[in-house]
Amino acid sequence: MFKITNNIFSLLVFFQVFFSLGQLNSFEFKYPLPPGGQEVLTVDEKYFGNYEQLSEKVDYIFAEDGIYAASILYLSISKKTIRESSKYDVRDNYLFGVKENDSIPCVLEDDVYYYGLKDKIKIAGTGTNNKIVRLSSSEYCINYFDNGTYIPSLLTFKGMELVLAHFDYENDTQLFEHIAAKEHMNHRVILDPTLTEWQAINPTELFPSHRQFVKNID
């Protein structure tokens, strides 16, 4: 039997629910951002390719039909299972039978073979509920759909680099006080900003953390 030893792939954007004197609000958006923006199925063709970062466990792939996130799942299979099954075989540190018509490198340790499988999921584009909005020729907003609302992430291309920033805010944030259209559903606050209200928000406060990726040209 296979055993998942380390799941390093996570494509869902979520927020922790805090408790102190009471439960804090979770801010979400009613429609894709920015308001009235141009929805597209993918980024401009010149940005197609695989963007990676050595310290990250997820690569981002931009293609004609949308945006993908890719990672490696680390798995294991016992030496006993291979010995007792006609499906699997190991030759010269390569495992056969896991990947159809191909073999993958493996390492033997304490009678267990460890190996990695590439996993890729589509996070935006055709066939998904997530929306891509083009802000400029080098900047895009991915709006992740969840529970009927949207959560944005910002993509900025700078030459061969990709800067990725996720939506976040302080627990006691006042960032959205000026937005008139709000719906309160328990501790969810669903925002529907106008373009003017959206532009009034400081983007460095809305997307406070940034991660940089470099395009793989191999």
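Numbering of residues starts from 1 in each chain and follows the order in which that chain's sequence is written. For a predicted model such as this one, the threshold for reporting local features is a pLDDT of at least 70, and the threshold for listing and counting side-chain atom pairs is 80 or more; totals across whole chains, interfaces and linings nevertheless cover every residue. Note that the side-chain values use all heavy atoms of the structure and ignore hydrogens as well as water.

Participant: Honestly, the nonpolar core in this entry has me stumped. Any pointers?
Facilitator: General note: in soluble globular proteins, nonpolar side chains tend to be found buried as a group. Within the largest apolar cluster, 19 residues are counted, with the highest numbers of intra-cluster contacts made by Y60, F62, I67, L155, F157 and L162. Going through the elements one at a time, β5 (59-63), β6 (66-78), β10 (112-125), β12 (139-146), β13 (149-158) and β14 (161-166) are the ones with two or more residues in this core. Secondary structure elements are taken from DSSP: a helix is a run of H or I of four residues or more, a strand is a run of E of two residues or more, and numbering for both begins at the N terminus. The biggest single contributor to this core is β12, with three residues. When checking whether two residues touch, look at their non-hydrogen atoms; a contact exists if any pair is within 4.5 Å. Apart from residues no more than four positions distant in its own chain, I67 is found in contact with V43, I61, F62, I121, K122, I123, A124, I132, I142 and L155. Residues enter a nonpolar core if they are buried and are Ala, Val, Leu, Ile, Met, Phe, Trp, Tyr or Cys, with the set joined through side-chain atoms within 4.5 Å. Note on classification: 1.4 Å probe, protein chains only; a residue is buried when its accessible area is under 20% of the maximum for its type, exposed when over 50%, partly exposed between these limits.

Participant: So what exactly am I meant to see when it comes to the pattern of salt bridges here?
Facilitator: When charged atoms on two side chains of opposite charge get close, those side chains can pair. The term salt bridge refers to a side-chain nitrogen of Lys or Arg lying within 4 Å of a carboxyl oxygen of Asp or Glu. All chains considered together, the criterion is met by five salt bridges. For the salt bridge of D44 with R134, the shortest nitrogen-to-oxygen distance reads 3.0 Å. With D44 in the loop between β3 (38-40) and β4 (49-52) and R134 in strand β11 (residues 131-134), this residue pair connects regions lying 90 residues apart in the sequence. D44 sits in the partly exposed class, given a relative accessible area of 22%. Between K122 and D65 there is a salt bridge, and its shortest N-O distance comes to 3.4 Å. On the criterion of sequence distance, the pair formed by K122 in strand β10 and D65 in the loop between β5 and β6 is long-range, its members being 57 residues apart. Among the residues examined, K122 registers a relative accessible area of 24% and is labelled partly exposed. In this structure D65 comes out as partly exposed when scored by relative accessible area, which is 32%.

Participant: Any chance you could explain the packing of aromatic side chains here in plain terms?
Facilitator: Ring pairs (aromatic) are described by centroid distance and by the angle formed between their planes. Here is the rule: rings of Phe, Tyr and Trp (six-membered ring for Trp) pair when centre to centre is within 6.5 Å. Planes less than 30 degrees apart are stacked, more than 60 are edge-to-face, and the remainder are tilted. For the structure on display, the rule yields 15 aromatic pairs. An angle of 85 degrees between the planes, with centres 6.1 Å apart, marks the rings of F29 and F176 as edge-to-face. One end of the pair, F29, is in strand β2 (residues 26-29); the other, F176, is in the loop between β14 and β15 (182-185), with 147 residues separating them in the sequence. As far as burial versus exposure is concerned, F29 and F176 are alike and both buried. Taken together, the ring pairs in this structure connect F27, F29, F167, Y169, F176 and W198 into an aromatic cluster. The ring of F96 has R91 lying over it, and the distance from NZ or CZ to the ring centre is 3.9 Å. For K120, the ring lying beneath its charged end belongs to Y68, and the centroid distance is 4.6 Å. Ring-over charges, as used throughout, are those where CZ of Arg or NZ of Lys falls within 6 Å of the ring centre and within 35 degrees of the ring normal.

Participant: Quick question: what am I supposed to make of the confidence of the model for the protein here?
Facilitator: Atomic detail in the predicted coordinates should be set aside for any region of low pLDDT. The pLDDT score gives, residue by residue, the confidence of the prediction method on a 0 to 100 scale. When the pLDDT values of the protein are averaged, the result is 87; 89% of them are 70 or greater. Averaged over each element, pLDDT in the protein is lowest for strand β1 (residues 3-6) (39) and highest for β11 (98). Residue range residues 1-22 is modelled with pLDDT below 50. Its contacts to residues more than four positions away, or to other chains, number 42 contacts.

Participant: Mind showing me how you'd approach unusual backbone geometry here?
Facilitator: Only a minority of non-glycine residues have a phi that is not negative, and only a minority of peptide bonds are not trans. Cis rather than trans, the peptide bond between L33 and P34 has omega equal to -5 degrees. One non-glycine residue with positive phi stands out, namely D92, at about 55 degrees. Mapped onto the secondary structure, D92 falls in the loop between β7 (89-91) and β8 (94-96).

Participant: Which parts of the structure should I look at to understand the side chain of R188?
Facilitator: Mapped onto the elements of the fold, R188 is located in strand β16 (residues 188-191). Ignoring any residue separated from it by four or fewer positions in sequence, one finds R188 in contact with S26, E28, N147, T149 and E183.

Participant: It is not clear to me how the pairing of β2 should be interpreted in this structure. Could you clarify?
Facilitator: Within a regular beta strand, the side chains point alternately toward one face of the sheet and then the other, so they alternate between its two faces. On β2, burial covers both faces: S26 and E28 on one face and F27 and F29 on the other are all buried. At least two DSSP bridges between two strands are needed for those strands to be called paired. The pairing of β2 with β16 spans four bridges and is parallel. Bridging from a neighbouring strand, S26 pairs with R188 of β16.

Participant: What's the story with a negative patch on the surface in this structure? I'm lost.
Facilitator: The residues that make up patches have over 30% relative accessible area and no salt bridge, and they are joined within 9 Å when like-charged or within 5 Å when they are Val, Leu, Ile, Met, Phe, Trp or Tyr. The accessible surface values rely on the Shrake-Rupley method and a 1.4 Å probe; as for residues, cover is taken only from the protein chains in view. Counted as positive: Lys and Arg. Counted as negative: Asp and Glu, with His and the chain ends omitted from the count. All charge positions are set by atom: Lys at NZ, Arg at CZ, Asp at CG, Glu at CD. Among the surface-exposed residues, D168, E170, D172 and E205 lie close enough to one another that they form a single negatively charged patch. When you line up the elements, D172 lands in the loop between β14 and β15. The exposed category is assigned to D172, whose relative accessible area is 59%.

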